[in-house]
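Report on the structure
The primary structure of each chain is shown beneath.
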Amino acid sequence: MRRLVAALLAGVIAVLVCTGASATPGPGEEGAADAVRSQEYWLADYGIEQAWKVTRGAGVKIAIIDTGVGHAPELDPAVVGGTDVSGAGSPDGRTPVGVLDANHGSWVASLAAARGTGADTGMIGVAPEAQLLSISIGFTGSPVPFTEQMVRAMRWAVDHGAQVINLSLTTNTLDWDPSWDDAFLYAFEHDVVVVVAAGNRGSGTGQVGAPATIPGVLTVAGVDESGHASVEASTQGITIGVSAPSEQLLGVSANGEVVQWKGTSGAAPIVSGIVALVRAAHPGLSAANVIERIIKTARPAPGMTSVPNPFYGYGLVDAAAAVSADVPLVSANPMGDLREWIRLYRRAPVAPQPVPTEQAVTVPPLPEAEPASQPLSPLLPTRDRVLYGTLPLVAVTLPAILVALGVTAAARRIRSARTSRTPRRQKL
């Protein structure tokens, strides 16, 4: 029952918490291409354009587990594969799933790796040479339970070469279904960086929820254009790793229209793109050390006094520093160890108990009894009487008799000796 309730909660709440706000129309088609690029303030403010002097993410695959990446000139060159795990989309994962949130996956994908419409025109993603895998899931109304969709999506992404997995979703609960343990461990064991959105206050998320609470994931909070924690398009929690822009964002819809939107759903793919830049610049670096670079090169947010901070994590992500700075290597994921968490907090598996049944149980008949033997005379010896009666009695009695005879003989010799030593009286 607990697992069923968790699945229902996840399926109902996931997209409501992460999209943040409905999109509003962006620049028009005519003469507005440069205006699109100029509105992407995060490219310069967060060191992304500087990082492009080193790498643009070539050779790195980012899995977008979302409502599906639609077809658009900025997106089609980036998508190299996909699948549907919702039971409601197309086999290639490119058909948007859902009614209210159909464009969500396309917006997320465009922030991570959109190609633009020219060298300096149209929307461009953080890692414009990275490859995308489109894995469509259904937040509501899917014939497949949401928890099961997540398990299938995570494993498919890993099996098809994803080095980064972006999850712009939340369940709005701290806990997660136990089936996710193995799915996320599968990703970590295959050296995949999993980036997760923290959620938004504007959608009712008061604190970070799963999967952003799973040890080992890189959780992303949202800030406004000034770098302050977003009042509506972010939330807080002790598992936050870094912060990225979550307001005044752009996104390419499934029909190719560029729109404006907000939410940590957009902050997460900005960080996923930066992760792709780091992985391209340092191909031999483990996932744990990629995350270490991201968090240790983050800049302090305005008014930030502690590290990590429940609003900003380690600070504002800095792509240029993450790609080029000298960061000491680590041996463990700085965002936690899921396997150790499972060892400490998951109950050991219990063998299934027998199910009561109302059917009669057939008991096999007992073997026939052997016929009783005829009683023997108590005067006649038997094997048991000899072993347990006569022999023990003889063993005890015979030594006793021998001892008695020896004592008697000794007594007689003593008396005889005394008699021989007594003097006889002579008569006078």
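Because the structure is a prediction, the values reported are computed rather than measured. (Residues numbered from 1 in each chain as written. Predicted model: local features only at pLDDT ≥ 70, side-chain atom pairs only at ≥ 80, totals over all residues. Heavy atoms only, no water.)

Broken down by element type, the protein carries 12 helices and 10 strands. In the protein, which comprises 428 residues, the share counted as buried stands at 49%. Sequence-distant contacts in the protein: of pairs separated by 6 or more residues, those separated by 24 or more amount to 75%. Carbon and sulfur atoms make up 58% of the accessible area of the protein, which amounts to about 21600 Å² in all. (Helix = DSSP H or I, 4+ residues; strand = E, 2+ residues; numbered from the N terminus. Buried < 20%, exposed > 50% of the residue type's maximum accessible area, 1.4 Å probe, protein only. Contact = heavy atoms within 4.5 Å. Areas by Shrake-Rupley, 256 points an atom, 1.4 Å probe, with all protein chains shown as cover.)

A cis amide bond, omega 10°, links Ala 210 with the succeeding residue Pro 211. For Pro 211, the location among the structural elements is in the loop between β6 (193-197) and β7 (218-223). Omega for the peptide link from Val 307 to Pro 308 comes to -5°, which places this bond in the cis form. As for its position among the elements, Pro 308 is in the loop between α9 (287-296) and α10 (319-324). The backbone phi angle of Asn 172 is positive, close to 65°, even though this residue is not glycine. Among the secondary structure elements, Asn 172 is positioned in the loop between β5 (164-167) and α7 (179-189). By relative accessible area, Asn 172 is classed as partly exposed at 30%. In the Ramachandran plot, Gln 248 falls in the positive-phi region, its phi being about 55° despite a non-glycine side chain.

Let us now look at the sheet that holds strand β3 (residues 79-84). Taking strand neighbours across the sheet as the criterion, the 7 strands line up as β3-β4-β2-β5-β6-β7-β8 in an open arrangement whose pairing is parallel. Only two strands of the sheet have a single partner each, and these edge strands are β3 and β8 (240-245). On average, adjacent strands in this sheet sit at an angle of 25° to one another, irrespective of strand direction. (Pairing = 2+ DSSP bridges. Axes fitted to C-alpha atoms, helices over the stretch in contact; angles between N-to-C directions.)

It is worth spelling out the packing of helix α8 (residues 264-281) against α9 at this point. Geometry of a packed helix pair, given as the angle between the helix axes and the separation of the axes. Relative orientation of the contacting elements α8 and α9 amounts to 120°, with a least axis distance of 10 Å. As summarised for this structure, α8 and α9 are arranged oblique, according to the angle between their axes. Where α8 crosses over α9, the handedness of that crossing is right-handed. Between α8, through Ile 274, Val 275, Val 278 and Arg 279, and α9, the contact on the second element is made entirely by Ala 287, Val 290, Arg 293 and Ile 294. Class assignment of the residues belonging to the contact of α8 with α9 gives a composition of 6 nonpolar, no polar and 2 charged. (Parallel < 35°, antiparallel > 145°, perpendicular 65-115°, else oblique. Left-handed = near helix turned anticlockwise from the far one by under 90°. Nonpolar A, V, L, I, M, F, W, Y, C, P; charged D, E, K, R; others polar.)

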